[in-house]
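For reference, the chains in residue letters:
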Amino acid sequence: MCGILAVLGCSDDSQAKRVRVLELSRRLKHRGPDWSGLYQHGDFYLAHQRLAIIDPASGDQPLYNEDKKIVVTVNGEIYNHEALRERLTNHKFRTGSDCDVIAHLYEEYGENFVDMLDGMFSFVLLDTRDNSFIVARDAIGITSLYIGWGLDGSIWISSELKGLNDDCEHFEAFPPGHLYSSKSGGLKRWYNPTWYSEAIPSTPYDPLVLRQAFENAVIKRLMTDVPFGVLLSGGLDSSLVASITARHLAGTKAARQWGTQLHSFCVGLEGSPDLKYAKEVADYLGTVHHEFHFTVQDGIDAIEEVIYHVETYDVTTIRASTPMFLMSRKIKSLGVKMVISGEGSDEIFGGYLYFHKAPNKEEFHRETCHKIKALHQYDCLRANKATSAWGVEARVPFLDKDFINVAMAIDPEWKMINPQEGRLEKWILRKAFDDEERPYLPKHVLYRQKEQFSDGVGYSWIDGLKAHAEQHVTDKMMQNAQYIFPHNTPLTKEAYYYRMIFERFFPQVIHLNFNVMIFHLFKN
């Protein structure tokens, strides 16, 4: 992941302003430690901190069209960039970067090209011919992005809150699947899939179609010019990602550069379920497996850094982000810059245990839609920022646009959990990869029930966090919580503890519309 920062129309083209933009951009350097770039056109500034994954030698940003009239700063990966280049036969590209297509697509199609991009991305594009600009974020919000407004009439865009919160009068999360156009002066949704309306689909379940769609999603994410690996907890989702990656790695450009043996990574407390299950799957797949241990105290000591980087006070997110944050540091120390991960499956297939309570397929489907739409606030935010804190990029094939379209078009009756018929959660995904002739995974792994991530790393992890918060938050503090924190008042001492840390880093949070995670429980 890279870090982008744009200050647009600030009525200040002074050297002092340029220095300030550079200073703020450096707050994002952890996301892109490989190179920095800044483009200034009058009172428009586009800054970039690069993590070089594709074309490390020449893909520095900002990027331009042929005459440098169109300028782009991008965070993300465009997986179909080679196919898009073939459509742009009249254009000359300056680099081999996957993001180089964006400026040229704008030249060719105007603002209506965003849906042509297959990938995860956030970008700002400036057209210096008329000083107009557009901002866009990927369909689900895999990449993080924020928008802010200055008192001087400026618009600010940043990959993280810390890039703009000190200089904006108001700021908020930039909504996934949306585009901001300076010409129209507002946001519009560019991502309009059928499932978004929450109408109940009726396509029959075809396990081979679902399998092929997910295999394609994984294969396209093997695009890399740097060493990579997979995050492997031993659960269903990460194990499927690892299995498909191991099966298709040979013959790819990545294999020619870095070898055909896949590296896998797992983190946990000593003796945790994840460490045991991940080792079992790694042995089955023949990966080079890296097992990282941490103690409860290691995690507690990292909490402040985690909140600073992940930029949330949501309890569940912080619990799960901390082990991922610690693991990402170890991964980067091994020279690995990209990992493939299993986020998104539970939202698409109703994998959380409370989906057992769904009274009918209509309620089940609507809840999966709600969960996918909220991913950018929780699991995507965790996966993006906990890894980016150490200059590692996380790719999530379950959130591939084409795969989501296939999975969300299936009649939700097939996703319903029915113990009497032997259907546990995510049964249709498990069944799709139940291949007797060429098994993807051992049967007992394929049909193992889900562990929550923060449980899987070790059951004493959450107990340790609660005990630590109990020591630092008094009963008297909790009695006054509604007055100290009237918005999203913390209800537990653990939540209060995280909120105190968050407010210290981001005191202007009153301007940001945060929502704490609340599972919708189906009516009985």
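To start, this report covers the structure provided alongside it.

Rules behind the numbers
- Residues numbered from 1 in each chain as written.
- Predicted model: local features only at pLDDT ≥ 70, side-chain atom pairs only at ≥ 80, totals over all residues.
- Heavy atoms only, no water.
- Buried < 20%, exposed > 50% of the residue type's maximum accessible area, 1.4 Å probe, protein only.
- Helix = DSSP H or I, 4+ residues; strand = E, 2+ residues; numbered from the N terminus.
- Contact = heavy atoms within 4.5 Å.
- Salt bridge = Lys/Arg side-chain N within 4 Å of Asp/Glu carboxyl O.
- Axes fitted to C-alpha atoms, helices over the stretch in contact; angles between N-to-C directions.
- Parallel < 35°, antiparallel > 145°, perpendicular 65-115°, else oblique.
- Pairing = 2+ DSSP bridges.
- Core = buried A, V, L, I, M, F, W, Y, C linked by side-chain atoms within 4.5 Å.
- Phe/Tyr/Trp six-rings, centres within 6.5 Å; stacked < 30°, edge-to-face > 60°.
- Lys NZ or Arg CZ within 6 Å of the ring centre and 35° of its normal.
- Left-handed = near helix turned anticlockwise from the far one by under 90°.
- Nonpolar A, V, L, I, M, F, W, Y, C, P; charged D, E, K, R; others polar.
- Polar contact = N/O pair within 3.5 Å; in protein donor to acceptor, adjacent residues only side chain to side chain.
- Expected span 1.5 Å × (residues − 1).

Turning next to helix α12 (residues 379–388). Across the ten residues that make up α12, a large majority, ten, are buried. Considered for burial, the residues of α12 that qualify are D379, C380, L381, R382, A383, N384, K385, A386, T387 and S388. In this structure, the buried residues of α12 make contact with β8 (146–149), α8 (296–310), α9 (315–333), α10 (345–349) and β17 (393–395).

Moving on: the pattern of salt bridges. Applying the stated criterion across every chain yields a total of 38 salt bridges. The shortest N-O distance in the salt bridge between K162 and E160 comes to 2.6 Å. K162 gets classed as buried once you look at its relative accessible area, which sits at 2%. Using a relative accessible area of 0% as the deciding quantity, one classes E160 as buried.

Right, let's talk about the packing of α8 against α9 for a bit. Between α8 and α9, whose axes approach to 9 Å, the crossing angle comes to 105°. Taken together, the axes of α8 and α9 lie roughly perpendicular to each other. Of the residues in α9, those touching α8 at D298, G299, A302, I303, E305, V306, I307, H309 and V310 are T317, I318, S321, T322, F325 and L326.

Right, let's get into the sheet that holds strand β16 (residues 338–340). Taken in spatial order, the five strands make up an open sheet running β15-β14-β13-β16-β17, and their pairing is parallel. Looking at strand neighbours, the two that pair on one side only are β15 (288–293) and β17, the edges of this open sheet. Between one strand axis and the next, the sheet turns through 30° on average, direction left out of account. As paired elements, β16 and β17 share three bridges and run parallel to each other. Paired with I340 across the two strands is R395, which belongs to β17.

Looking now at the nonpolar core. Counting 88 residues, the largest nonpolar core has F113, L117, F123, I140, F214 and F403 as its most contacted members. The residues contacting F123, other than those within four sequence positions of it, are I4, V72, T73, V74, I102, F113, V114, L117, I134, V135 and A136. Counting 58 residues, the second-largest nonpolar core is a separate cluster that includes L28, V267, Y497 and I501.

All told, the structure shown has 32 aromatic pairs when counted by the stated rule. Ring geometry for F121 versus F123: centroids 6.0 Å apart, planes at 35°, classification tilted. For F121, a relative accessible area of 0% corresponds to the buried category. Exposure remark for F123: the relative accessible area of 0% places this residue in the buried category. Here the aromatic rings of F485 and Y496 are separated by 5.3 Å at their centres, their planes lie at 75°, and the arrangement is edge-to-face. Here Y496 lies in helix α20 (residues 493–505) and F485 lies in the loop between α19 (481–484) and α20, a separation of eleven residues in the sequence. In terms of burial, F485 and Y496 fall into one category: buried. Of the aromatic side chains, those joined through ring pairs into one cluster are F113, F121, F123, W190, Y191, W195 and Y196. Its end group placed over the ring of Y308, K162 keeps NZ or CZ at 4.5 Å from the ring centre.

On to the side chain of T368, then. Tracing the chain through its elements places T368 in helix α11 (residues 361–374). What T368 contacts, discounting residues up to four positions off in sequence, is E347, I348, G350, F355 and M408.

What follows is about the packing of α9 against helix α17 (residues 460–472). One way to put it is that α9 packs onto α17 with a least axis distance of 11 Å and a crossing angle of 115°. One way to sum up the angle between α9 and α17 is to call them roughly perpendicular. Taken as a pair, α9 and α17 cross one another with a handedness that is right-handed. Across the interface between the two elements, R319, T322 and P323 from α9 touch W461, I462, L465 and K466 from α17. Of the residues that constitute the contact of α9 with α17, the class distribution is four nonpolar, one polar and two charged.

In this section: the environment of E343. Residue position: E343 is located in the loop between β16 and α10. By relative accessible area, E343 is classed as buried at 8%. Note: C-alpha distance between E343 and I462 (119 residues apart in sequence) is 21 Å. The residues contacting E343, other than those within four sequence positions of it, are M324, D379, R382, A383, V396, F398 and L399. Looking at E343, its side chain comes within polar contact range of the side chain of S341, at 2.5 Å.

This part covers the sheet that holds strand β3 (residues 44–50). The strand order β2-β3-β1-β9-β8-β10 describes an open sheet built from six strands, whose pairing is antiparallel. Each of the sheet's edge strands pairs with one partner strand only, and the pair in question is β2 (35–41) and β10 (170–173). Here the average twist between neighbouring strands, direction ignored, is 10°. Each of β1 (3–8), β2, β3 and β9 (155–158) touches helix α1 (residues 15–26); the most contacted strand, β3, lies at about 30° to it.

Over its 13 residues, helix α5 (residues 236–248) extends 18 Å from the first C-alpha to the last, a length consistent with the 18 Å expected when each residue adds 1.5 Å. Here α5 lies mainly inside the structure; ten of its 13 residues are buried. Those residues of α5 lying buried are L236, D237, S238, S239, L240, V241, A242, S243, I244 and T245.

Keep in mind these values describe shape, not function.
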